[in-house]
Amino acid sequence: MNNSSPCTVRVRGLAKAFGPNKVLKHVDLTVGKGEVVVIMGPSGSGKTTFIRSLNFLEMPDQGSIEICGIELDEPLTLRPGEVRKKIFQIRQKTAMVFQSFNLFPHRTALQNVIEGLISVKGFDKEKAQQRGMLLLQKVGLSEKADAYPGKLSGGQKQRVAIARALAMEPEVILFDEPTSALDPELRDEVLGVMRDLAKEGITMLVVTHETRFARDVADRIVFMEGGHVIEDTTPSHFFGPTVSERCKQFLGRIHE
Ligand SMILES: Nc1ncnc2c1ncn2[C@@H]1O[C@H](COP(=O)(O)OP(=O)(O)OP(=O)(O)O)[C@@H](O)[C@H]1O
Ligand SMILES: [Mg+2]
């Protein structure tokens, strides 16, 4: 189970370019244990790149990332072996939920959930299945354990993906627009599961434009644009009358 040691996410001066396109210029962000931080910003502002950088699905060019005390400072200056080791350690602490679910199509819901338990955590099959069933129950899908992803709705697929992420007992879960590929009526079932997780005190970084979720669940809202964090504030300020004109304009647009 998760240990109770303080586990903070600390990002300093993060920069990432794709060729001449400087996507992240200098991003600083600290997220405390159990905090839920929602990240918003216009398309192309680097939200996905940022969230993928946190577990090194993208390799940052500059800056430091510290998760649960494991720090990768200026990764390009370290030896490849050291970098790999730290990345592995950071990935043990984090899990990611993608917009497009990324389930294995030829494996059942249960097999998708327990894959990492067997291959990474070394559980035997029976123990992994027991734990997998508990996780499917937690996301309301025990009756779909034997269904293949092709027979599941988008909302159900995303809930399986969340159960799979939880199987690894992460300290931090990174969500990249987990509901944006779903029809509106399926979004609430996924958001409901995410609300429950937030109550359990897991640290969550969530890229989403779901304003109701952000307002109700987030401890902080971070607004990114032009490779920078330009607002890092409480939901009541972010959605209130005194937020910057830029954020008001953005919120006006996503409500259209
Ligand atoms: N692997 C890549 N190679 C080259 N350019 C990339 C790559 N990934 C992202 N980009 C570019 O980086 C910029 C930021 O992309 P990113 O996906 O991080 O934005 P985003 O804020 O998540 O946008 P959206 O809201 O549309 O998901 C875009 O200009 C994009 O084209
Ligand atoms: Mg994105």
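Residues numbered from 1 in each chain as written. Chains lettered and ligands numbered in written order. Predicted model: local features only at pLDDT ≥ 70, side-chain atom pairs only at ≥ 80, totals over all residues. Heavy atoms only, no water.

Draft legend 1. The arrangement of the overall build of the chain in detail. A count of helical and extended segments in the chain gives nine helices and 10 strands. Relative to the globule expectation of 18 Å for 256 residues, the C-alpha radius of gyration of the chain, 18 Å, shows essentially globular dimensions. Across the 256 residues that make up the chain, the buried fraction comes to 51%. Expressed as a percentage of contacts within the chain between residues at least 6 apart in sequence, the contacts between residues at least 24 apart total 65%. Only carbon and sulfur atoms are counted for the fraction: they give 49% of the accessible area of the chain, which is about 12,000 Å². In the chain, the 34 positive side-chain charges and the 32 negative ones have mean positions that sit 3 Å from each other. (Helix = DSSP H or I, 4+ residues; strand = E, 2+ residues; numbered from the N terminus. Rg over C-alpha atoms; globule rule 2.2 N^0.38 Å. Buried < 20%, exposed > 50% of the residue type's maximum accessible area, 1.4 Å probe, protein only. Contact = heavy atoms within 4.5 Å. Areas by Shrake-Rupley, 256 points an atom, 1.4 Å probe, with all protein chains shown as cover. Lys, Arg positive; Asp, Glu negative; His and termini not counted. Charge placed at Lys NZ, Arg CZ, Asp CG, Glu CD.)

Draft legend 2. Expanded view of the state of the cysteines. For the coordinates displayed, the defined rule picks out one disulfide. Residue pairing for Cys7: its cysteine sulfur links by disulfide to Cys68, the two sulfurs lying 1.7 Å apart. Between Cys7 and Cys68 the sulfur-sulfur dihedral comes to about -50 degrees; the bridge is accordingly left-handed. Of this pair, Cys7 sits in the segment before strand S1 (9–18) while Cys68 sits in the loop between strand S4 (62–67) and strand S5 (70–73), placing them 61 residues apart in sequence. (Disulfide = S-S within 2.5 Å.)

Draft legend 3. Expanded view of the sheet that holds strand S2 (residues 21–31). Spatially, four strands are ordered S2-S1-S4-S5 in an open sheet, and the strand pairing comes out antiparallel. Each edge of the open sheet carries a strand with a single partner, namely S2 and S5. Neighbour-to-neighbour, the strand axes of the sheet open up by a mean angle of 15 degrees, direction not taken into account. Across the sheet, helix H2 (residues 80–93) touches S4 and S5, and the angle it forms with S5 is around 135 degrees. (Pairing = 2+ DSSP bridges. Axes fitted to C-alpha atoms, helices over the stretch in contact; angles between N-to-C directions.)

Draft legend 4. Representation of the packing of aromatic side chains. This model, assessed by the stated rule, comprises three aromatic pairs. Both rings, one in Phe238 and one in Phe239, keep their centres 5.2 Å apart while their planes meet at 90 degrees; by these two values the pair is edge-to-face. As far as burial versus exposure is concerned, Phe238 and Phe239 are alike and both buried. Residue placement shows Lys127 over the ring face of Phe123; its charged tip is 4.7 Å from the ring centre. (Phe/Tyr/Trp six-rings, centres within 6.5 Å; stacked < 30°, edge-to-face > 60°. Lys NZ or Arg CZ within 6 Å of the ring centre and 35° of its normal.)

Draft legend 5. Seen up close, the site of ligand 1. The immediate surroundings of ligand 1 are formed by Phe18, Asn21, Val23, Pro42, Ser43, Gly44, Ser45, Gly46, Lys47, Thr48, Thr49 and Glu177. A distance of 3.0 Å separates an oxygen atom of ligand 1 from a polar atom in the backbone of Gly46. Between ligand 1 and Thr49 there is a distance of 2.5 Å, counted from an oxygen atom to a side-chain nitrogen or oxygen. Elements that contribute at least two residues to the shell around ligand 1 include exactly S2 and helix H1 (47–54). Looking at the shell around ligand 1 element by element, the count peaks at three residues for H1. Of the residues belonging to the shell around ligand 1, the class tally is three nonpolar, seven polar and two charged. (Near = heavy atom within 4 Å. Polar contact = N/O pair within 3.5 Å; in protein donor to acceptor, adjacent residues only side chain to side chain. Nonpolar A, V, L, I, M, F, W, Y, C, P; charged D, E, K, R; others polar.)

Draft legend 6. Geometry of the pairing of S1. The pairing of S1 with S2 spans seven bridges and is antiparallel. Across the sheet, the residue bridging to Phe18 is Asn21, located in S2. Once S1 ends, the chain turns through two residues before running back antiparallel as S2, passing Gly19 with a positive phi of about 55 degrees. Relative to S4, S1 runs antiparallel, the two sharing five bridges. By the bridge assignment, Arg12 is partnered in S4 with Ser64.

Draft legend 7. Here's a closer look at the pattern of salt bridges. Summed over the entire model, instances satisfying the criterion amount to 17 salt bridges. Asp188 is paired through a salt bridge with Arg212; the nearest N and O atoms lie 3.5 Å apart. In this pair, Asp188 sits in helix H6 (residues 184–200) while Arg212 sits in helix H7 (residues 211–217), placing the two residues 24 residues apart along the sequence. Judged by relative accessible area, Asp188 falls into the partly exposed class, the value being 43%. Of the charged contacts, one joins Lys199 and Asp196 as a salt bridge, the two residues approaching to 3.8 Å between their closest N and O atoms. One end of the pair is Lys199 and the other is Asp196, both in helix H6 and three residues apart, which spans about a single turn. What makes Lys199 exposed here is its relative accessible area of 70%. We classify Asp196 as partly exposed; its relative accessible area is 40%. Residues joined in a network through salt bridges with shared partners are Glu35, Arg220 and Asp232. (Salt bridge = Lys/Arg side-chain N within 4 Å of Asp/Glu carboxyl O.)

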